[in-house]
Amino acid sequence: MAEAPARSLLGGDPLAAVELFPLRYPWAYAHVQQAKHNTWFPEEVPLHDDVRDWHERLSDEERRAVEMFLGFFNPMESLVTTNLLLSLYRPITAPEVRLYLARQAWEEANHTMAFEYVIKTLPVDRARVFALHTDHPDVAAKEAFQRRLIEGWLVEPDISTVEGVQRLCHNLIGFFVVLEGIFFYSGFALALAFRQRNLLRGLCSIVDWVLKDESLHLSFGIHLITTLLEEHPEIMTPAFAQTVQQLILEAVELEERYNRAVLPQPIIGLSADALNGYVRYVADRRLEELGLPAAFGNPNPLKWMATQLDVPELVNFFEARNVHYEVGRERS
Ligand SMILES: [Fe+2]
Ligand SMILES: [Fe+2]
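Since the structure is predicted, the reported quantities are computational estimates derived from the model, not experimental observations.

1. A look at the overall build of the protein
Here comes step 1: Looking only at helices and strands, the protein features eleven helices and zero strands.
Here comes step 2: Counted from the first residue to the last, the protein has its helices and strands arranged as α-α-α-α-α-α-α-α-α-α-α.
Here comes step 3: Expressed as a percentage of the 332 residues in the protein, the buried residues total 57%.
Here comes step 4: In the protein, once contacts between residues fewer than 6 apart in sequence are set aside, the share between residues at least 24 apart is 79%.
Here comes step 5: If you sum the accessible surface of the protein, you get close to 13600 Å²; carbon and sulfur atoms cover 55% of it.

Put into structure tokens, the structure is as follows:
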């Protein structure tokens, strides 16, 4: 208990100079090292063939689905950055954990630039894409869900009470597990289904890179949440566990509604029912990663997703167990 305040996960001196070693949270530092190997830049991926696909091979429904995908991802990437910097960087003070938060913020900014690159290169209706998150009720509902978690936290950034730490934990689950671990994975499946039909291969290469980053963000988030719960077991009351479960079930409902709007008819061999089955499958994995019981019991209807991932060395969240999830968990 003789920890210097600056080494605490929460509530140390927010202005303390970064002194990394000895590490208290080696898993966080391991994630920083892994992230460095994932450095990439959007313009490395040519999109000429995607532009040709857009003009010559995509149907109106398929173009509309891509716009819906971009219309959600683009604003959410910047909201994740905002949450990292405004909600998390202040109360979280462990230096190696902050180091990862800073690295992740750069990656999220890179994702924003990546989707901007796609939006300005493909002949999408730019105004329509940017308006979707406010004008389309099913996109707006998902954004409202995320904003609720961040606004509630900004109003009262107090971690001195059980309720305050619970609010922080809610925020972590809402962003790392729901947004990055469920909403984004559902979007990745939609986008990568185009590659199954040999379409939009450039966009799908960018999605591969984003997915590689998001897998790591999710893994980091689960480590952070489990560490917070270990250090603050008082917050995990039965009522809190229930609100966490409800948060995830609410997110699944929002995602299912959104997917039905994106896919009123099956396109590129993908139906809303199949995609929503995948959402339920992924949501069960997330519940289990949080130590909660699975809610749906769905098998994975999109088996091809597991083979699409160019990230075997990272985290295989599509299996029933996380093969590499334990990397860096050797904290005492
Ligand atoms: Fe991102
Ligand atoms: Fe992310």
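2. A closer look at the packing of aromatic side chains
Here comes step 1: For the coordinates displayed, the defined rule picks out 19 aromatic pairs.
Here comes step 2: Relative to Trp27, the ring of Tyr25 has its centre 6.1 Å away and its plane inclined at 65°; by these criteria the two rings are edge-to-face.
Here comes step 3: Relative accessible area serves as the criterion here: at 2%, Tyr25 is assigned to the buried category.
Here comes step 4: Residue Trp27 is classed as buried on the basis of its relative accessible area, which comes to 0%.
Here comes step 5: On the numbers, 6.0 Å between centres and 65° between planes, the contact of Phe145 with Phe183 is edge-to-face. Of this pair, Phe145 sits in helix H6 (residues 137–155) while Phe183 sits in helix H7 (residues 162–196), and the two are 38 residues apart along the sequence. Side by side, Phe145 and Phe183 carry an identical accessibility label, which is buried.
Here comes step 6: Each member of the aromatic cluster is reached from another via a ring pair, and the members are Phe69, Phe72, Phe73, Phe115, Phe145, Phe183, Phe184, Tyr185, Phe188 and Tyr258.
Here comes step 7: Geometry around Phe72 places Lys142 over its ring, the cationic atom sitting 3.6 Å from the centre.

3. A few points about the coordination of the iron ion (ligand 1)
Here comes step 1: The coordination sphere of the iron ion (ligand 1) contains the protein donors Glu77 (OE), Glu108 (OE), His111 (ND1) and Glu214 (OE), at a distance range of 1.9 to 2.2 Å.
Here comes step 2: Around the iron ion (ligand 1) sit four donor atoms, and with donor-metal-donor angles ranging over 86 to 139° the site reads as irregular.
Here comes step 3: As a motif over one chain, the donors of the iron ion (ligand 1) read E-x30-E-x2-H-x102-E.
Here comes step 4: Separating the iron ion (ligand 1) from the iron ion (ligand 2) is a distance of 3.3 Å, and Glu108 supplies a donor atom to each of them. Taken as a pair, Glu108 and His111 lie in helix H4 (residues 95–121) at a separation of three residues, close to a single helical turn. In this pair, the class of Glu108 matches that of His111, namely buried.

4. Quick word on the coordination of the iron ion (ligand 2)
Here comes step 1: Looking at the iron ion (ligand 2), the protein donor atoms are Glu108 (OE), Glu180 (OE), Glu214 (OE) and His217 (ND1), and they sit 1.8 to 2.1 Å from it.
Here comes step 2: Relative to the metal, the four donor atoms surrounding the iron ion (ligand 2) lie at angles of 90 to 165°, and the coordination shape comes out irregular.
Here comes step 3: Spacing between the donor residues of the iron ion (ligand 2) along their common chain follows E-x71-E-x33-E-x2-H.
Here comes step 4: Residue classification places Glu180 among the buried residues on the basis of a relative accessible area of 1%.
Here comes step 5: Assessed through its relative accessible area of 0%, Glu214 is described here as buried.

5. Some details on the environment of Val18
Here comes step 1: Of note, Val18 is situated in the segment before helix H1 (26–36).
Here comes step 2: Residues Val18 and Ala94, 76 residues apart in the sequence, show an inter-C-alpha distance of 8.7 Å.

6. Considering helix H2 (residues 48–56)
Here comes step 1: Buried within H2 are the following residues: Asp50, Asp53 and Trp54. What you see down the axis of H2 is that its buried residues fit within an arc of 100°, all on one side. With respect to the buried face of H2, the exposed residues turned more than 90 degrees away are His48, His55 and Glu56.
Here comes step 2: Residues of H2 that are buried in the fold lie against helix H3 (60–88) and helix H8 (201–231).

7. Topic: unusual backbone geometry
Here comes step 1: Put simply, Phe21 and Pro22 share a cis peptide bond, and its omega is 0°.
Here comes step 2: Checked against the element boundaries, Pro22 lands in the segment before H1.
Here comes step 3: Its identity is not glycine, yet Asn198 carries a phi of approximately 60°, on the positive side.
Here comes step 4: Residue placement: Asn198 occurs in the loop between H7 and H8.

8. So, the side chain of Asn259
Here comes step 1: Relative to the assigned elements, Asn259 resides in helix H9 (residues 238–262).
Here comes step 2: When sequence neighbours within four positions are dropped, the list of residues in contact with Asn259 reads Ser186, Ala272, Leu275, Asn276 and Val279.

9. Examining the packing of H4 against helix H5 (residues 126–135)
Here comes step 1: It is at 9 Å that the axes of H4 and H5 come closest, and there the two elements cross at 140°. Comparing the axis directions of H4 and H5 gives the class oblique. Along the contact surface, H4 presents Glu116, Ile119 and Lys120, while H5 presents Arg126, Val129 and Phe130.
Here comes step 2: Here the contact of H4 with H5 is built from residues that sort into three nonpolar, no polar and three charged.

10. Concerning helix H10 (residues 272–289)
Here comes step 1: Across its 18 residues, H10 extends 25 Å between first and last C-alpha, which sits within 8% of the 26 Å expected from 1.5 Å per residue.
Here comes step 2: Of all the 18 residues making up H10, 14 are buried; the element is thus mostly covered by neighbouring parts of the structure.
Here comes step 3: Remark: Gly291 follows H10 within two positions and exhibits a positive phi of approximately 85°.

Basis of the calculations
Residues numbered from 1 in each chain as written. Chains lettered and ligands numbered in written order. Predicted model: local features only at pLDDT ≥ 70, side-chain atom pairs only at ≥ 80, totals over all residues. Heavy atoms only, no water. Helix = DSSP H or I, 4+ residues; strand = E, 2+ residues; numbered from the N terminus. Buried < 20%, exposed > 50% of the residue type's maximum accessible area, 1.4 Å probe, protein only. Contact = heavy atoms within 4.5 Å. Areas by Shrake-Rupley, 256 points an atom, 1.4 Å probe, with all protein chains shown as cover. Phe/Tyr/Trp six-rings, centres within 6.5 Å; stacked < 30°, edge-to-face > 60°. Lys NZ or Arg CZ within 6 Å of the ring centre and 35° of its normal. Donors = N, O, S within 2.8 Å, 3.2 Å for Na, K, Ca; no water. Tetrahedral: all angles 85-135°; square planar, octahedral: opposite > 155°, others 65-115°. Arc of directions from axis to C-beta. Axes fitted to C-alpha atoms, helices over the stretch in contact; angles between N-to-C directions. Parallel < 35°, antiparallel > 145°, perpendicular 65-115°, else oblique. Nonpolar A, V, L, I, M, F, W, Y, C, P; charged D, E, K, R; others polar. Expected span 1.5 Å × (residues − 1).

These values are about where atoms sit, not about what they do.
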